[in-house]
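Structural overview for review
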There are 2 protein chains.
Amino acid sequence: MRFPKLFERLATLAPLPPEEWAKAEAVAKEQSLAKREFFMRPGDAADRFAVVLRGVFRGVRVSPRGGESIKAFRAEGELIGAYAEMLQRLPSMTAIEALEPSHVLVFQTQDFQQLEQGHVCWERLARRVAEQHFILKERREQEFLELSAEERLVKFWEEHPHLKGRIPQRDVAAYLGITEVALSRIMSRRRKRAE
Amino acid sequence: MRFPKLFERLATLAPLPPEEWAKAEAVAKEQSLAKREFFMRPGDAADRFAVVLRGVFRGVRVSPRGGESIKAFRAEGELIGAYAEMLQRLPSMTAIEALEPSHVLVFQTQDFQQLEQGHVCWERLARRVAEQHFILKERREQEFLELSAEERLVKFWEEHPHLKGRIPQRDVAAYLGITEVALSRIMSRRRKRAE
DNA sequence: ACCTGGGCTTGACCTGGGTTAAGGCGGCGG
DNA sequence: CCGCCGCCTTAACCCAGGTCAAGCCCAGGT
């Protein structure tokens, strides 16, 4: 077994027989990405996803009007991929970019579907993944509905302490739905208030 | 079969043997709700969900600070329930309230889990449901990130034309994340612009 | 017909965040 | 060592939306 830690993590989501995991490892391919290299670009087919082994990624949505907003950051142990587009069999509308030299374990969705046909555990795992992703998005929805930009910022760092120092300020702003300028103002305001 | 239309709808999500559906109908209970009556209140156990047969509901999150925001409206054929809380086995933090005299088909999550143990089709259906819910929430996230309140309003009516005239203005505002006052202003601004 | 109350609008005023543009500053290549 | 570039900050100005408060409209009840 090449990735015992990853196996353990997945097994907490749904029971996963080691021999099934062995099959998964057999079809997965490792990939290294330089800083600023893309795992996926808008327009690419959403036919692959990966687990981050080392590094951090940002999922960027480039809107028709040119604005960039950030859907999520993903670090060690988390999944990257154009999930919504994959489910809808649409080309990716998301850019997924390494913010550090990174290393990932890539699966073709086609290979994953093969695994699903071999054992129900994969369908169960996929269900749990969908549910967890839903919970995350609903939490985010709620933050937009109820919290000010400043409150969202505080919460962001509470929930993602491991990203401290690894992502540029402007990306945090794009994640919060504000500009770099507004974020800088909010931070200086807080600094002052804390004397 | 008491609800052939519902059966058909579900069968489009995942293959569903009629005999399994019969079992589901056997454990489900119909419930009627008056206008303003709650299907679920904050603090209730999230141990049931339902399909709307007739009527409209709003899912309201009452924040600690007293503000009300609306997570979703649900009409005929859609699911109501405190989904995220159910997945996390937490008590509901959501109020689900009928905006019209309504009629729903209620399932206990416990009964649903029984069905799941009897046939994989239910797990597959649950997965599809999770995935669809995810897609909806991600779409909403994107709207908050990229669109102004006015653009969100336009999109809301494009996507929910069947709710026209059935939900009060203030609830639309609470769904968009703005106040009733702001919504009224936006609407009058648009009226003027259209001469 | 009248009152009442709920839901919507309007106005005056304030504030948070957008926009634009001008620096500051640290790292890196020449 | 200098100059450049990327990233962040600051300032001036503007506008969308929040807040508070008054008023309107209409449906329901008496």
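See above for the structure.
Values in this document were obtained by computation on a predicted structure and should not be read as measured data.

To continue, consider the sheet that holds strand β6 (residues 79–80) of chain B. Residues and elements named next belong to chain B. Reading across from one edge, β1-β8-β3-β6 is the order of the 4 strands in this open sheet, with antiparallel pairing throughout. Single-partner strands in this sheet number two, and they are β1 (29–33) and β6. Pairing analysis gives 6 bridges linking strand β3 (residues 48–54) to strand β8 (residues 102–108), with the strands arranged antiparallel. The residue of β8 that forms the bridge with Val52 is Val104.

Right, let's talk about helix α5 (residues 120–146) of chain A for a bit. For α5(A), spanning 27 residues, the distance from its first C-alpha to its last is 39 Å, which sits close to the expected 39 Å at 1.5 Å a residue. Buried residues dominate α5(A), accounting for 20 of its 27 residues.

Attention now goes to the protein's contact with DNA strand D. As a matter of local geometry, DNA strand D sits amid 19 residues, with Gln169(A), Ala149(B), Thr179(B), Ala182(B) and Arg185(B) nearest to it. Of everything in DNA strand D that lies within 4 Å of the protein, sugar and phosphate atoms constitute 54%. Between DNA strand D and Thr179(B), the relevant distance is 2.9 Å, taken from a phosphate oxygen to a side-chain nitrogen or oxygen of the residue. Secondary structure elements with two or more residues in the surface near DNA strand D: α7 (169–176) and α8 (180–193) of chain A together with α8 (180–193) of chain B.

All names here are of chain A. Enumeration according to the criterion identifies 39 salt bridges over all chains in this entry. In this structure, Glu143 engages Lys155 in a salt bridge whose closest nitrogen and oxygen atoms are separated by 3.9 Å. Placement of the pair is Glu143 in helix α5 and Lys155 in helix α6 (residues 149–159), with a sequence separation of 12 residues. Classification of Lys155 by relative accessible area gives partly exposed; the value is 23%.

Residues and elements named next belong to chain A. Within the secondary structure, Leu53 is located in strand β3 (residues 48–54). Classification of Leu53 by relative accessible area gives partly exposed; the value is 26%. As a C-alpha pair, Leu53 and Arg189 span 136 residues in sequence and 37 Å in three-dimensional space. Residues in contact with Leu53, not counting those within four places in the same chain, are Phe3, Glu30, Glu76, His103, Val104 and Leu105.

On to the protein's contact with DNA strand C. The full set close to DNA strand C counts 18 residues, and Ala149(A), Thr179(A), Ala182(A), Arg185(A) and Arg170(B) are the nearest of them. Within 4 Å of the protein, the atoms of DNA strand C are drawn from sugar and phosphate moieties in a proportion of 56%. With respect to DNA strand C, the backbone of Ala149(A) contributes an N or O atom lying 3.2 Å from a phosphate oxygen. The side chain of Arg170(B) places a nitrogen or oxygen atom 3.0 Å from a phosphate oxygen of DNA strand C. Mapped onto the surface near DNA strand C, the elements with two or more residues apiece are α8 of chain A together with α7 (169–176) and α8 of chain B. Top contributing element to the surface near DNA strand C by residue count: α8(B), with 6 residues.

What follows covers the environment of Gly43(A). Residue and element names in this part refer to chain A. With respect to the helices, strands and loops of the structure, Gly43 is situated in the loop between β2 (38–40) and β3. Take Gly43: its relative accessible area is 55%, and that puts it in the exposed class. In sequence terms Gly43 and Ala28 are 15 residues apart; their C-alpha atoms lie 23 Å from each other. Non-local contacts of Gly43, meaning those with residues more than four positions away in its chain, are made with Pro91 and Ser92.

Looking now at the pairing of strand β7 (residues 94–98) of chain A. All names here are of chain A. The buried fraction of β7 is high, at 5 of 5 residues. The sheet contact formed by β2 and β7 spans 2 bridges and is antiparallel. Bridge pairing links Phe38 to Glu97 in β7.

So, about the interface of chain A and chain B. Listed as interface residues are 34 residues of chain A and, on the opposing side, 34 residues of chain B. Across the chain A to chain B interface the summed buried area is about 3,200 Å²; carbon plus sulfur atoms make up 59%. Among the residues of chain A in contact with chain B, Arg127(A), Phe134(A) and Leu145(A) are the three that bury the most area, contributing 22% of the side total. Counting the contacts that link chain A with chain B gives 13 salt bridges. The residue Glu141(B) makes a salt bridge to Lys137(A) at a minimum N-O spacing of 2.9 Å.

Cut-off values and rules
- Starting from 1, residues in each chain are numbered consecutively following that chain's sequence as written.
- Chain letters start at A and ligand numbers start at 1, both assigned in the order the entries are written.
- Confidence filtering applies because this is a predicted model: local features only for residues at pLDDT of at least 70, side-chain atom pairs given and counted only at 80 or more, and all residues used for totals across whole chains, interfaces and linings.
- The side-chain quantities take in all heavy atoms of the structure and omit both hydrogens and water.
- A pair of strands is labelled paired if DSSP reports no fewer than 2 bridges between them.
- Elements are defined by DSSP. Helices are runs of H or I of four residues or more, strands are runs of E of two residues or more, and each kind is numbered from the N terminus.
- A helix is expected to span 1.5 Å multiplied by its residue count minus one.
- Think of it in three bands: residues with accessible area under 20% of the maximum for their type are buried, residues over 50% are exposed, and the middle band is partly exposed, with areas taken using a 1.4 Å probe on protein chains only.
- Residues are labelled near a given molecule or strand when at least one of their non-hydrogen atoms is within 4 Å of it.
- In the analysis that follows, any N or O atom pair within 3.5 Å is treated as a polar contact, provided that within protein one partner can donate a hydrogen and the other can accept it, and provided that, for residues neighboring in sequence, both atoms belong to side chains.
- The rule for a salt bridge is simple: a side-chain nitrogen of Lys or Arg has to be within 4 Å of a carboxyl oxygen of Asp or Glu.
- Whether two residues are in contact is decided by their heavy atoms, any of which lying within 4.5 Å being enough.
- Buried area is calculated as the accessible area (1.4 Å probe) missing from two parts once they are joined, with the contributions of both summed.

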